[in-house]
Amino acid sequence: MMTPKKQRPEWAPLESGDAFTSFVMEGVEGGHDGMPGQSTRGSANVIRPVYRRLSVEDYVKGVLAGNRTILAQAITLIESNAPAHVEMAQEALKQLLPHTGRAMRVGITGVPGSGKSTFIEALGCMLCAQGHKVAVLAVDPSSTITRGSILGDKTRMDALSRKKHAFIRPSPSGGTLGGVARKSQETMLVCEAAGFDVVLIETVGVGQSEVTVRSMVDFFLLLVLTGAGDELQGIKRGVMELADALVINKADGDNRLRAQSTKAEYDRILHYLQPATEGWITRAFTCSSLTGEGVEEIWAVIEDFREKTVKSGVFYDRRRAQILDWVYTMVWEHLRIRFLNHPGVAAITPKVEQDVLNGKLSATMAVRELIDTFERQK
Ligand SMILES: Nc1nc2c(ncn2[C@@H]2O[C@H](COP(=O)(O)OP(=O)(O)OP(=O)(O)O)[C@@H](O)[C@H]2O)c(=O)[nH]1
Ligand SMILES: [Mg+2]
């Protein structure tokens, strides 16, 4: 088989160099809707994307028309921290907002290697075949350190990335998890405005990122592996309590029977935990992302969840709570940055810290001094 050629992704600025470690694979001829003539094949009459400045109106129109190139560029705009870009992105978002909210938002977590990307590939391809438009995003806290991205480096989701109705976007790199989450949240909205009716968000199961993704999605899925005893110890009860379904992946070959008994064991534990969603019972399922067995059943569970929670009102209650939650998360983030960048605070911080460490100042008094300084000299 031919190895697909790596290419610079359409969203990476030309001058970005190594700052963008992600790449895309060569696609199928004419396989992209909304961008005729922009096949990435190396034929002579290839039309290279034109990097011209787009106006807010260009972004809005392009996204609403489902133009993938403009969608990708709109996301790049959202990911930028440059003040002018933030202004433009917010204006575009404001106009796109009425067209958002229609997708089923699904978060997928699990320890590294549990098969999240493979599962998303299997589910995504199945959904595309059913006529859905699927956007795949990643919230990857490790990318803020390595500047890499899970989807770009490790998992290419080859089959899914070739589908006409799929759009895969790696995690934005740089910044705090809070910053990455804000960008992912807005990226999700833009994808919805572009007509994607399923959004799948992969996040590696380390610490805070699951909580962040849970606060963005309707349905949260935890992928686990067999080998109950040890495996169960490794999974924090807190993460299980965030999940709306638990999937024992890699239930194929020799592993099938073991997966069944692991499922039974998880079901027993889930029985004693608080379900993540009111009125819904979190259960365990088995599947093989490799063979596709069981994947359809999991989507049926997600659809059943949607139907039941929409009926009970829990679905939209959660979305409303999520929006407000997001507002306040951003407020705290904003205040934190203002506090850290405050010249008066920065000036006294070393001394305050020293005094606390030397026992000259109590922690409470230190807080008072810092906050007073912050408020006095706004
Ligand atoms: N046998 C079997 N192997 C699987 C299955 N799903 C995934 N794998 C394999 O498990 C390995 C890890 O899969 P990934 O999909 O990259 O796992 P991931 O959870 O996305 O990993 P990170 O992104 O690194 O956190 C790969 O070698 C897959 O081929 C499955 O259902 N059955
Ligand atoms: Mg992965």
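Residues numbered from 1 in each chain as written. Chains lettered and ligands numbered in written order. Predicted model: local features only at pLDDT ≥ 70, side-chain atom pairs only at ≥ 80, totals over all residues.

A. How the structure looks around the overall build of the chain. In terms of helices and strands, the chain carries 16 helices and nine strands. Relative to its full complement of 378 residues, the chain shows a buried share of 36%. (Helix = DSSP H or I, 4+ residues; strand = E, 2+ residues; numbered from the N terminus. Buried ≥ 20, exposed ≤ 12 C-beta atoms within 10 Å, placed from the backbone.)

B. Looking closely at helix 15 (residues 343-357). Taking 1.5 Å per residue as the helical rise, helix 15 with its 15 residues ought to reach 21 Å, and the 22 Å between its terminal C-alpha atoms agrees with that figure. Of all the bends in helix 15, the greatest reaches close to 40° and is centred on Thr-349; the proline Pro-350 follows between one and four positions later. (Expected span 1.5 Å × (residues − 1). Bend = angle between axes of the 7 residues up to and from the residue.)

C. The site of ligand 1, seen in detail. Not every one of the 18 residues close to ligand 1 is listed here, only the nearest: Pro-112, Gly-115, Lys-116, Ser-117 and Thr-118. Ranked by residue count, the leading element in the shell around ligand 1 is helix 4 (residues 116-129), at three residues. (Near = placed C-beta within 6 Å.)

D. Main features of the packing of helix 15 against helix 16 (residues 363-376). As a packed pair, helix 15 and helix 16 sit with axes 10 Å apart at the nearest point and diverge in direction by 170°. Taken as axis vectors, helix 15 and helix 16 run roughly antiparallel relative to one another. Contact with helix 15, carried on its side by Gly-344, Val-345, Ile-348, Val-352 and Val-356, involves Ala-363, Ala-366, Glu-369, Leu-370, Thr-373 and Phe-374 of helix 16 and no other residues of that element. (Axes fitted to C-alpha atoms, helices over the stretch in contact; angles between N-to-C directions. Parallel < 35°, antiparallel > 145°, perpendicular 65-115°, else oblique. Contact = placed C-beta atoms within 7 Å.)

E. Region of interest: unusual backbone geometry. Even without a glycine there, the phi angle at Lys-250 is positive, about 65°. Along the chain, Lys-250 turns up in the loop between strand 8 (245-248) and helix 12 (255-271). The exposure class of Lys-250 is buried, given the 25 C-beta atoms found within 10 Å.

F. The arrangement of the packing of helix 1 (residues 56-64) against helix 3 (residues 83-96) in detail. It is the contact of helix 1 with helix 3, at a shortest axis distance of 9 Å, that shows an interaxial angle of 40°. Taken together, the axis directions place helix 1 and helix 3 in an arrangement best described as oblique. Pair helix 1 / helix 3 crosses with right-handed handedness. On helix 3, the residues touching Val-56, Tyr-59, Val-60 and Val-63 of helix 1 are Met-88, Glu-91, Ala-92, Gln-95 and Leu-96. (Left-handed = near helix turned anticlockwise from the far one by under 90°.)

G. Focus on the confidence of the model for the chain. Across the chain, the average pLDDT comes to 83, with 76% of residues at or above 70. Ranking the helices and strands of the chain by mean pLDDT puts helix 13 (residues 295-312) first, with 98, and helix 5 (residues 143-146) last, with 45. Counted against residues more than four places away or in other chains, residues 17-44, with its pLDDT under 50, gives 56 contacts. Contacts of residues 143-154 to residues separated by more than four positions or lying in other chains number 38 contacts, the stretch itself having pLDDT below 50. (pLDDT = per-residue confidence, 0-100.)

H. Region of the structure containing the pairing of strand 5 (residues 166-169). Neither face of strand 5 is left uncovered, since the one carrying Ala-166 and Ile-168 and the one carrying Phe-167 and Arg-169 both have all their residues buried. Strand direction decides the pairing type here: strand 4 (residues 134-139) and strand 5, joined by four bridges, are parallel. Residue pairing across strands places Leu-137 opposite Arg-169, the latter belonging to strand 5. (Pairing = 2+ DSSP bridges.)

I. The arrangement of the environment of Gly-124 in detail. Among the structural elements, Gly-124 can be located in helix 4. Once residues within four sequence positions are removed from consideration, Gly-124 is found in contact with Val-134, Val-136, Leu-160, Ala-166 and Leu-200.

J. Structural detail: the sheet that holds strand 4. Taking strand neighbours across the sheet as the criterion, the seven strands line up as 5-4-6-3-7-8-9 in an open arrangement whose pairing is parallel. Every other strand in the sheet has two partners, leaving strand 5 and strand 9 (283-286) as the edge strands with one partner each. Across the sheet, the axes of successive neighbouring strands diverge by a mean angle of 20°, strand direction being ignored. Bridge count between strand 3 (residues 104-110) and strand 7 (residues 219-224): five bridges; the pairing is parallel. Following the sheet pairing, Gly-110 is matched in strand 7 by Leu-223. Contacting strand 3, strand 4, strand 5, strand 6 (198-204) and strand 7, helix 4 crosses the sheet at an angle of about 175° to strand 6.

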